[in-house]
Amino acid sequence: LSQAETGSSSSSDTIDRDAKRLEELGYKQEFTREISLFVQTGFAFSTMAVLPNWLLGFAGTMSAGGPMSLFWGYIVVAPFVSCIALSMAEVFSAYPVNGGVYSWCYLLSSKE
């Protein structure tokens, strides 16, 4: 079976499709899109600031409700935070431009 019959595509087809999408947005692809798993993990932890965010709410939660409020607070909040992360991932995959939220606001806002 050919690639068209199986539905799979090569990485060069994906790169060409991505370059065309950037061209539609008015940008030229200048950098390669190669990033290692180590760099991805480091970026995720640096942007989430796991330790400072955890320590910020720890004292108030422990004094107000104890360990169980801390546990159930994370259980309740985690699905909502995941929904936000998935929504931002969807926007990022639709508009793969540098500048993050600023570029997305410009591209998604009305022209008026």
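Relevant structure appears above.
Attention in this report is confined to the structure presented alongside it.

Rules used throughout
Residues numbered from 1 in each chain as written. Predicted model: local features only at pLDDT ≥ 70, side-chain atom pairs only at ≥ 80, totals over all residues. Heavy atoms only, no water. Salt bridge = Lys/Arg side-chain N within 4 Å of Asp/Glu carboxyl O. Helix = DSSP H or I, 4+ residues; strand = E, 2+ residues; numbered from the N terminus. Buried < 20%, exposed > 50% of the residue type's maximum accessible area, 1.4 Å probe, protein only. 1 Å grid on protein atoms, 1.4 Å probe; cavity = no way out; pocket = protein on both sides within 12 Å on 5 of 7 lines; lining within 4 Å. Points joined across faces, edges and corners; volume = space filled by probe spheres on them. Nonpolar A, V, L, I, M, F, W, Y, C, P; charged D, E, K, R; others polar.

All right, on to the pattern of salt bridges then. The full count for this structure, using the stated rule, is one salt bridge. The salt bridge involving glutamate 24 is made with arginine 21; its shortest N-O contact spans 3.2 Å. Within this pair, glutamate 24 and its partner arginine 21 are both found in helix H2 (residues 11–24), separated by three residues, close to a single helical turn. Accessibility expressed as a relative area gives 61% for glutamate 24, which makes it exposed. Taking the relative accessible area as the measure of exposure, arginine 21 reaches 30% and is therefore partly exposed.

On to the layout of surface pockets, then. Counted as a void, the largest pocket has a volume near 1600 Å³. Considering the residues around the largest pocket, the lining is formed by 37 residues, among which Phe43, Phe92, Val97, Gly100 and Trp104 are closest to the centre. With ten residues, helix H5 (residues 67–94) is the largest single contributor of residues to the lining of the largest pocket. Residue composition of the lining of the largest pocket, by class: 20 nonpolar, ten polar and seven charged.

That's the geometry; what it means functionally is another story.
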